[in-house]
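Listed here are the chains, written in short residue letters.
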Amino acid sequence: MQELITSAANPLVKRVRSLADRKHRRREGAFVVEGVQPVWRAVEAGWDVDTLVVAPELLAGTAAERMVAEREAAGTRVARLGRALFERLVDRDGPAGLAAVVRTRTRALEDLVAGPGAVFTALDRIANPGNLGTVIRTVDAAGGAGVVLIGDTVDPFGPVAVKASMGSLFAVDVAHAPDADTFFAWAAGNGVRVLAASGGAADDHWDASYRPPLALLFGSEREGLPSGVLERADGRLRIPMVGTAESLNVGVAAGIMLYEARRHLVGTAEGGAAPHA
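What you are looking at is a predicted structure, and each value in this text was computed from that prediction instead of being measured.

**Here's the deal with the nonpolar core**
Step number 1: The biggest cluster of nonpolar side chains holds 49 residues, and the ones touching the most others in it are Phe31, Leu52, Leu98, Leu123, Tyr210, Leu216 and Phe218.
Step number 2: Of the residues forming this core, the biggest block, six residues, is contributed by helix α11 (residues 250–269).
Step number 3: When residues no more than four places from it in sequence are discounted, the contact partners of Leu98 are Glu34, Gly35, Val36, Val39, Leu52, Val53, Val54, Leu59, Ala64, Met67, Val68 and Phe86.
Step number 4: One finds Ile150, Phe184, Trp186 and Ala233 within the second-largest nonpolar core, a separate group that totals 23 residues.

**Side note on the confidence of the model for the protein**
Step number 1: Mean pLDDT over the protein works out to 91, with 94% of the residues at or above the 70 mark.
Step number 2: Counting contacts from residues 272–277, a segment whose pLDDT is below 50, to residues more than four positions away or on other chains yields eight contacts.

**Focus: the sheet that holds strand β11 (residues 235–238)**
The pairing of strands in a sheet comes from backbone hydrogen bonds and takes either a parallel or an antiparallel form.
Step number 1: The seven strands are arranged β7-β6-β5-β10-β8-β11-β9 in an open sheet whose pairing can be described as parallel. Where the open sheet ends on each side, the last strands, each with one partner, are β7 (174–177) and β9 (203–204).
Step number 2: In terms of strand pairing, strand β8 (residues 193–197) meets strand β10 (residues 214–218) through four bridges, oriented parallel. Along β10, the bridge assignment pairs Val194 with Ala215.

**Considering the side chain of Arg15**
Step number 1: One can find Arg15 in helix α1 (residues 11–18).
Step number 2: If sequence neighbours within four positions are ignored, Arg15 has contacts with Glu28, Ala30, Asp50, Thr51, Val101 and Arg103.

**Quick word on the pattern of salt bridges**
Step number 1: Applying the stated criterion to the full structure yields 14 salt bridges.
Step number 2: Measuring nitrogen to oxygen at the nearest pair gives 3.4 Å for the salt bridge that ties Glu57 to Arg83. Here Arg83 lies in helix α6 (residues 83–89) and Glu57 lies in helix α4 (residues 56–59), a separation of 26 residues in the sequence.
Step number 3: With relative accessibility at 56%, the residue Glu57 sits in the exposed group.
Step number 4: Judged by relative accessible area, which is 36%, Arg83 ranks as partly exposed.
Step number 5: Note that Arg232 and Asp181 form a salt bridge whose closest N and O atoms lie 2.5 Å from each other. In this pair, Arg232 sits in helix α10 (residues 227–232) while Asp181 sits in helix α9 (residues 180–189), placing the two residues 51 residues apart along the sequence.
Step number 6: Judged by its relative accessible area of 48%, Asp181 falls in the partly exposed class.
Step number 7: Put simply, Arg15, Glu28, Asp50 and Arg103 are held in one network by salt bridges that share partners.

Reading guide: rules and limits
Residues numbered from 1 in each chain as written. Predicted model: local features only at pLDDT ≥ 70, side-chain atom pairs only at ≥ 80, totals over all residues. Heavy atoms only, no water. Core = buried A, V, L, I, M, F, W, Y, C linked by side-chain atoms within 4.5 Å. Buried < 20%, exposed > 50% of the residue type's maximum accessible area, 1.4 Å probe, protein only. Helix = DSSP H or I, 4+ residues; strand = E, 2+ residues; numbered from the N terminus. Contact = heavy atoms within 4.5 Å. pLDDT = per-residue confidence, 0-100. Pairing = 2+ DSSP bridges. Salt bridge = Lys/Arg side-chain N within 4 Å of Asp/Glu carboxyl O.

This is the structure we're talking about:
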């Protein structure tokens, strides 16, 4: 077994630290994943794992240790760190002893498949990485078809977004549209109806038709959707609120509407009454 890395000056350790910066992630085309479950999901999903970063003392006797050995035998590079250094390197409470440098994989907007039951989630200029990771995780859980990031958005491969996705990043197609015009052109060309979330909308979200293929469109946390974007949507929906809160976290709002869309889709598939138009 190779010698343990114990120095913070080691080139691998410096590289992992540098990938916390977006410019370095873009330059290298790689990002860092932390934790047994997220790393395992990256491996199982067939993403290109550049390096597995391991604290042997923390992984000893676990299934993850056996997985690392299998990947190493198959040719994946493994870097073994002393426990103290590993715990300083990762940004997790109670580190489990496994992280990875993974090659970035991007999906072109035109490659998203708008099948008959497809429900996409579109996010316009979202700025909070934790919210983005939460949305990706929720899309995965609700059976969504993918996520479209519109305009200048937070990086889905940043450490906070990756952590919040809990490995769902490796199961959900994430594409980028440089602007709203490109997004709406894609939607029109693929027969995708766009339903926009807005606190000022006249229609409640549970009264709408969720006939797929469709895209649920949400605005930035601070500003919401611009009026010009709202006007171009096929429908505008609000989530009723009865308390004193003025708005919902975008991750919560996306979850509510994704599961409402799921309820309509499952009800129709099981022969229930089709939702009204």
